[in-house]
Amino acid sequence: MIKINNLSVSLGSFNLYDIDLEIEENSFFVLMGPTGAGKTVLLEAIAGLTPVRSGSIFIGNRDVTKLPPEKHGVSIMYQDNSLFPHLNVMENISYGLKYHKTDKNKSNKRIDGLIEQLGLSSLLNRLPLNLSGGELQRVSLARALAVEPKIVLLDEPLSALDPNFRYELRQMLKDLHKSTGVTFLMVTHDFGEAISLAEKAAIMNGGRIVQTGTIDEIFQKPCCNFAADFVGMRNIFPAEFHGTKAKTGKLQIDMGRTIDDTSGHIAIRPEDIVLSGEKLQSSMRNSFQGKVLSIIDLGFFYEIDIDVNDILFRSLISKGSLYELKIKENSELFISFKASAIHNF
């Protein structure tokens with residue numbers, strides 16, 4: 001559906017470099033990365049809103065690289081919703097139909113279906129000024145879908161919403177994707193959103209694509225330090241590999257497999273590190289004693305920072321486990337993790 005080849009874009013001092021990306025028809029694809037990574041610039045290049053320096057953008061079988069935005073056949077929905085303040089909800093939703101040659105009866109039926117599905121029936125005569133954040137985003141989504149696009153581009157549509165509205169709109173996005181068959185390409189810096197919505201994703205940083213793949217591949221097998229940190233590995237260490245062993249600092253870690261490279265990095269998710277008062281007698285090949293440096297309250301979980309021979313490990317545990325293990329700063333604990341929980345790159 002979308003095929004991008006060797007795309008480069010220059011906007012003042014910011015650049016996109018050599019972007020190669022393929023997004024399948026009817027898929028839900030997510031672009032992830034920190035603020036300033038270039039996600040929105042890439043989205044706007046696909047929509048024809050940002051000039052391309054080199055490379056090509058294909059939508060379907062058409063090269064749209066040099067075409068004006070209205071010829072790209074996509075709808076874009078921004079974080080700030082960009083509704084017309086002087087038009088009511090119904091007028092905003094149907095606005096784009098003025099510029100598309102569509103069957104009037106078919107368009108009206110589609111809009112009625114979107115209004116029902118997005119719960120907008122009671123809001124049709126209101127102005128955007130009188131809508132909540134969640135209502136604004138639902139109207140914006142209906143407007144984007146009203147023109148029956150093949151592709152909808154979503155620029156962080158959930159980031160400005162409170163948790164309740166965010167969950168509600170996330171569910172609506174999932175339902176709309178299933179019911180409409182439209183290809184969704186969403187920008188986010190929240191990996192949790194990507195896990196709940198997308199099938200495939202790409203991570204961007206500094207105007208480049210760092211890694212692409214399925215959500216599971218990116219989550220479980222990050223390709224580099226940046227990707228590992230972005231998906232929450234938290235424990236990332238330089239290492240030298242000797243057969244099935246990895247040496248980081250003074251620690252010898254059992255990888256459970258032979259590593260061909262002589263050096264690189266290892267990474268372990270914090271939730272894969274088990275804490276105990278005594279050394280575990282289990283199938284976990286790696287168990288080390290350390291000292292608790294800090295306890296950080298993250299709401300539903302606590303992050304425990306533990307010094308093991310001058311190597312800082314981070315573990316996530318529940319409040320119940322914190323009390324059960326009687327964990328306090330400067331107390332001694334054992335950390336344990338399976339060889340299969342260790343990723344290397």
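As the structure is a prediction and not an experimental result, all values here were calculated from the model. (Residues numbered from 1 in each chain as written. Predicted model: local features only at pLDDT ≥ 70, side-chain atom pairs only at ≥ 80, totals over all residues. Heavy atoms only, no water.)

**With respect to the domain arrangement of the protein chain**
Under the domain assignment, the protein chain is made up of domain 1 (2-231) and domain 2 (235-344). Using only C-alpha atoms to locate each centre, domain 1 and domain 2 end up separated by 38 Å. Counting from both sides, the interface comprises 6 residues of domain 1 and, opposite them, 6 residues of domain 2. Buried surface at the junction of domain 1 and domain 2, summed over both partners, amounts to about 530 Å²; 50% is from carbon and sulfur atoms. The largest per-residue losses of area from domain 1 upon contact with domain 2 belong to Phe219, Gln220 and Asn225, which jointly make up 64% of the total buried on that side. Remark: the boundary between domain 1 and domain 2 carries 0 salt bridges. If one sorts the elements of the side of domain 1 that touches domain 2 by residue count, helix H8 (residues 225-230) sits on top with 3 residues. When its residues are assigned to classes, the side of domain 1 that touches domain 2 shows 3 nonpolar, 2 polar and 1 charged. (Domains from an automatic or database assignment. Contact = heavy atoms within 4.5 Å. Buried area = accessible area lost by both parts, 1.4 Å probe. Salt bridge = Lys/Arg side-chain N within 4 Å of Asp/Glu carboxyl O. Helix = DSSP H or I, 4+ residues; strand = E, 2+ residues; numbered from the N terminus. Nonpolar A, V, L, I, M, F, W, Y, C, P; charged D, E, K, R; others polar.)

**Re unusual backbone geometry**
Even without being a glycine, Asn309 presents a positive backbone phi close to 50°. Mapped onto the elements, Asn309 comes out in the loop between strand S17 (301-308) and strand S18 (311-318). Classification of Asn309 as partly exposed rests on a relative accessible area of 44%. For Asp310, which is not glycine, the phi dihedral falls at a positive 70°. Residue placement: Asp310 occurs in the loop between S17 and S18. Classification of Asp310 by relative accessible area gives exposed; the value is 61%. (Buried < 20%, exposed > 50% of the residue type's maximum accessible area, 1.4 Å probe, protein only.)

**Remarks on the pairing of strand S9 (residues 200-205)**
Two elements, strand S3 (residues 28-32) and S9, share 4 bridges in a ladder whose sense is parallel. Bridge pairing links Phe29 to Lys200 in S9. Linkage of S9 to strand S10 (residues 208-214), two consecutive antiparallel strands, is achieved through a turn of 2 residues, within which Gly206 is found at a positive phi near 60°. (Pairing = 2+ DSSP bridges.)

**Details of the pairing of strand S12 (residues 245-248)**
Burial along S12 is one-sided: the face carrying Ala246 and Thr248 is buried and the face carrying Lys245 and Lys247 is not. Looking at chain direction, strand S11 (residues 235-242) and S12 are connected through 3 bridges and run antiparallel. Residue pairing in the sheet places Glu240 in a bridge with Lys247 of S12. Connecting S11 to the antiparallel partner S12 that follows it, the hairpin turn spans 2 residues, and Gly243 within it adopts a positive phi of roughly 65°. In terms of strand pairing, S12 meets strand S13 (residues 251-254) through 4 bridges, oriented antiparallel. Bridged to Lys245 within S13 is Asp254. Where S12 hands over to S13, the hairpin turn is made up of 2 residues, of which Gly249 adopts a positive phi near 60°.

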